[in-house]
Amino acid sequence: MKRIAAIVKQNRPEGVRIAAQLAEWLSERGVELYLDKEVAQAAPRALPVDVEKIPGLVDLVVVLGGDGTLLSVARLVSEKGIPILGVNLGGLGFLTEVSLAELYPVMEKVLEGDFETSSRMTLQGEVIRGKENLGGYTVLNDAVINTGVLARIIELETYVDGHILTTFRADGLIVTSPTGSTGYSLAAGGSIIHPSLSCIGITPICPHMLTNRPILVSDMSTIEVVLKTRGVEVMLTLDGQVGFALEVGDRVRIRKGTSVVQLVKNPMRNYFSVLREKLKWGQ
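An account of the accompanying structure is given in this report. These numbers were taken from a predicted model, which means no experiment stands behind them.

## Observations concerning the side chain of Thr 122
1) Next: Turning to its location among the elements, Thr 122 is positioned in strand E7 (residues 117-129).
2) Next: Its relative accessible area of 1% is what places Thr 122 among the buried residues.
3) Next: Of the polar contacts made by the side chain of Thr 122, one reaches the backbone oxygen of Ser 259; its length is 2.7 Å.
4) Next: Every residue in contact with Thr 122, bar those within four places of it in the chain, is listed here: Thr 138, Val 139, Arg 255, Lys 256, Gly 257, Thr 258, Ser 259 and Val 261.

What follows is the structure in structure tokens.
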């Protein structure tokens, strides 16, 4: 690899400092590092670039931050299939599974081509209002329909491949990929889904009927959710970062995305060791 980009939040001084150090380390090995123009001001050895141009320039993206930062990068580069190396600057993340102490040993292997990636399916969500398609969105983790109003249940008529599943009366509904199963869905009582599995999870949030349980369906399925409740502010939230206000009668259609996100595996950990550490199993 000769061209790498690093993405770091500008309001994280530690991340900016590490990016500058990484630029110098890579330069000594004949590798160019691209950084956002603002961040690059603190890294003399880095090349400044507009973030939206990164997918067409580099062979790898290093994320210096947390899972939230990685989710935004995944949406940026997923269509190009560019591998992402997630480095967590705080606690261990489910997606950013490389610690700061492991950064350079892992980078050595990456530069030698001695690494593997984990292919993560995406979800494609779209909103249909009447006969109009209001646009599509690609997510790595999940699509969430819920209300910010306290103690107000909404009705969500839910279909799988055109067949009625049920009308959930709940605080909301989460449609998750295997990658997103360890996020909001897990907190709402959903199952942990190994990222190699080909399925989509449907998890109700605080359902009125206790018999409404999470369900897994094929990744070939199309899920449609129709908002039936009037007079309540309801949002479709994508990967916890992009929001879309829904109206009564809106149809949210979710299916497997056409792009795949490639996450560089940490050779010093595996999926189950991350689960044990993150969820404190056995402690």
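After that view, the rundown keeps rolling.
## Examining the pairing of strand E1 (residues 3-8)
1) Next: In terms of residue burial, E1 counts as a mostly covered element, since five of its six residues are buried.
2) Next: Pairing of E1 with strand E2 (residues 32-36), which is carried by three bridges, proceeds in the parallel orientation. Counterpart to Arg 3 in the pairing with E2 is Glu 32.

## A few points about helix H3 (residues 67-77)
1) Next: Within H3, the full set of buried residues consists of Thr 69, Leu 70, Leu 71, Val 73, Ala 74 and Val 77.
2) Next: Residues of H3 that are buried sit in contact with E1, strand E4 (60-65), strand E5 (84-88) and strand E18 (251-264).

## Structural notes on the side chain of Thr 179
1) Next: With respect to the helices and strands, the residue Thr 179 is situated in the loop between strand E12 (172-176) and helix H5 (184-187).
2) Next: On the basis of relative accessible area, Thr 179 is assigned to the buried category, the value being 7%.

## Focus: the environment of Ile 4
1) Next: Considering the arrangement of structural elements, one finds Ile 4 in strand E1.
2) Next: With relative accessibility at 0%, the residue Ile 4 sits in the buried group.
3) Next: With 31 residues separating them in the primary sequence, Ile 4 and Leu 35 have C-alpha atoms 9.0 Å apart.

## With respect to the nonpolar core
1) Next: By size, the foremost hydrophobic cluster in this structure holds 30 residues, and its most contacted members are Leu 35, Val 62, Leu 64, Leu 85 and Met 107.
2) Next: Looking at this core, the elements that each hand over two or more residues are E1, helix H1 (13-27), E2, helix H2 (37-40), E4, E5 and helix H4 (103-111).
3) Next: Ranked by residues supplied to this core, first place goes to H1 with eight residues.
4) Next: If we skip the residues at most four places from it in the chain, Val 62 touches Ile 4, Ala 5, Ala 6, Ile 7, Leu 22, Leu 85, Val 87 and Met 107.
5) Next: Formed by 26 residues, the second largest nonpolar core is a distinct cluster that contains Met 121, Leu 123, Leu 173 and Phe 244.

Definitions and limits used
- Residues numbered from 1 in each chain as written.
- Predicted model: local features only at pLDDT ≥ 70, side-chain atom pairs only at ≥ 80, totals over all residues.
- Heavy atoms only, no water.
- Helix = DSSP H or I, 4+ residues; strand = E, 2+ residues; numbered from the N terminus.
- Buried < 20%, exposed > 50% of the residue type's maximum accessible area, 1.4 Å probe, protein only.
- Polar contact = N/O pair within 3.5 Å; in protein donor to acceptor, adjacent residues only side chain to side chain.
- Contact = heavy atoms within 4.5 Å.
- Pairing = 2+ DSSP bridges.
- Core = buried A, V, L, I, M, F, W, Y, C linked by side-chain atoms within 4.5 Å.

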